[in-house]
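What follows is each chain in one-letter form.
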Amino acid sequence: STPDLLCTVPWATWLPSPVDLEEIDGNYPQWDKPDGEFVVGHGYTVPENKGTHEINAIVSRCAQLDASIRYVPWTGVAKLQSMWLISQCDLYFSTLLYGPGVATLEALAMGIPVLAGCTRQELEAQKRAVGVQTVEGLPWIYVTRETAGEWVHELRNDPELRRAWGEKGRRYVEEFHSIPAVVARLKGIYEGMK
């Protein structure tokens, strides 16, 4: 479901996880958020799989420098509640460790910029799957422990940059993860097996 698996199984074919855009658009509509508070969200199940402790420290330091930044981590909630929490964010900090997952796709579908880190090998697999040469071509913002805080502040202070990354992420989900796109890709895989 995620291209990083191609690092382990390079002979496999990546089939993107489907995202029901009609469901997301119907239940989590876009709106203009007020400028006063900047919500950075982070959902996790196993903190060691996301780098949650480091994410907590990074965003807490950002909030100490800018009181308008509010960090909202969550765990142990139902999927629909997690999606609602994502929809309330101005920025979703997905992971520092293994690249984007399903919650990342949900945030991108909602037009919310996403910060995500991963290993260099996984990053190369992500770029190949999306068909881009640089990290700037990815639909999510590639971060490291050293750059994540800078990105939080830059996105906080630049609504146009947030909008541009949000639109880029939404277009990516439409192209790769919408149900019609996944069905067409799966059909091509089956037809290629004939």
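Quick caveat: nothing in here was measured; it's all calculated off a predicted structure.

Draft legend 1. How the structure looks around the overall build of the protein. On a plain count of helices and strands, the protein comes out with eight helices and five strands. Counted from the first residue to the last, the protein has its helices and strands arranged as α-β-α-β-α-β-α-β-α-β-α-α-α. In terms of C-alpha radius of gyration, the protein reaches 16 Å, essentially the compact-globule figure of 16 Å for 194 residues. Counting only C-alpha atoms and orienting by the principal axes, one finds that the protein spans roughly 60 × 35 × 35 Å. By the burial criterion, 47% of the 194 residues in the protein qualify as buried.

Draft legend 2. Geometry of the state of the cysteines. The full count for this structure, using the stated rule, is zero disulfides. A disulfide-free cysteine, Cys62 has its sulfur positioned 15 Å from the sulfur of Cys89, the nearest such atom. Of the cysteine sulfurs around Cys118, a residue in no disulfide, the closest is that of Cys7, at 8.4 Å.

Draft legend 3. Inspection of the packing of aromatic side chains at higher detail. Within the structure shown, the criterion is met by four aromatic pairs. When the centroid spacing of 6.2 Å and the interplanar angle of 90° are considered together, the rings of Trp151 and Trp165 count as edge-to-face. Pair noted here: Trp151 is in helix α6 (residues 148-157) and Trp165 is in helix α7 (residues 159-177), with a separation of 14 residues, a long-range link. We classify Trp165 as buried; its relative accessible area is 10%.

Draft legend 4. Highlighting the packing of α6 against α7. Where α6 meets α7, the axes come as close as 5 Å, and the angle between the chain directions of the two elements is 105°. By the angle class used here, α6 and α7 are roughly perpendicular. Seen from α6, the contacting residues are Trp151, Glu154, Leu155, Arg156 and Asn157; seen from α7, they are Pro159, Leu161, Arg162 and Trp165. Residue classes in the contact of α6 with α7 are distributed as five nonpolar, one polar and three charged.

Draft legend 5. Structural view of the packing of α7 against helix α8 (residues 179-192). Where α7 meets α8, the closest approach of the two axes is 5 Å, and the angle between their N-to-C directions is 35°. Together, Glu174, Glu175, Phe176 and His177 of α7 and Ile179, Ala181, Val182 and Arg185 of α8 make up the contact between the two elements. The class makeup of the residues in the contact of α7 with α8 is four nonpolar, one polar and three charged.

Draft legend 6. Local environment of the pattern of salt bridges. In the structure shown here, the tally under the stated rule is nine salt bridges. Two residues, Arg145 and Glu54, come together in a salt bridge whose shortest N-O distance is 2.4 Å. Separated by 91 residues along the polypeptide, Arg145 in the loop between β5 (141-142) and α6 and Glu54 in helix α2 (residues 52-65) bring together distant segments of the chain. Overall, the relative accessible area of 41% leaves Arg145 in the partly exposed class. Relative accessible area serves as the criterion here: at 32%, Glu54 is assigned to the partly exposed category. Overlapping salt bridges, with partners in common, bring together Asp25, Arg170 and Glu174 in one network.

Draft legend 7. A look at helix α4 (residues 102-109). With respect to burial, α4 is a largely interior element, seven of its eight residues being buried. Where α4 is concerned, the buried positions are Ala103, Thr104, Leu105, Glu106, Ala107, Leu108 and Ala109. Those residues of α4 hidden inside the fold are in contact with α1 (21-27), α3 (79-87), β3 (91-95), β4 (114-116) and α7. Gly111 sits one or two residues past α4 and shows a positive phi near 80°.

Draft legend 8. Just the sheet that holds β5, in detail. What the five strands build is an open sheet, ordered β2-β1-β3-β4-β5; its pairing is parallel. With one partner strand each, in any of the chains shown, β2 (69-74) and β5 form the two edges of the open sheet. Pairing between strand β1 (residues 38-43) and β3: two bridges, direction parallel. Following the sheet pairing, Gly41 is matched in β3 by Tyr92. Sheet strands in contact with α4 are β3 and β4, and its direction is about 160° off that of β3.

Quick notes on the rules
Residues numbered from 1 in each chain as written. Predicted model: local features only at pLDDT ≥ 70, side-chain atom pairs only at ≥ 80, totals over all residues. Heavy atoms only, no water. Helix = DSSP H or I, 4+ residues; strand = E, 2+ residues; numbered from the N terminus. Rg over C-alpha atoms; globule rule 2.2 N^0.38 Å. Buried < 20%, exposed > 50% of the residue type's maximum accessible area, 1.4 Å probe, protein only. Disulfide = S-S within 2.5 Å. Phe/Tyr/Trp six-rings, centres within 6.5 Å; stacked < 30°, edge-to-face > 60°. Axes fitted to C-alpha atoms, helices over the stretch in contact; angles between N-to-C directions. Parallel < 35°, antiparallel > 145°, perpendicular 65-115°, else oblique. Contact = heavy atoms within 4.5 Å. Nonpolar A, V, L, I, M, F, W, Y, C, P; charged D, E, K, R; others polar. Salt bridge = Lys/Arg side-chain N within 4 Å of Asp/Glu carboxyl O. Pairing = 2+ DSSP bridges.

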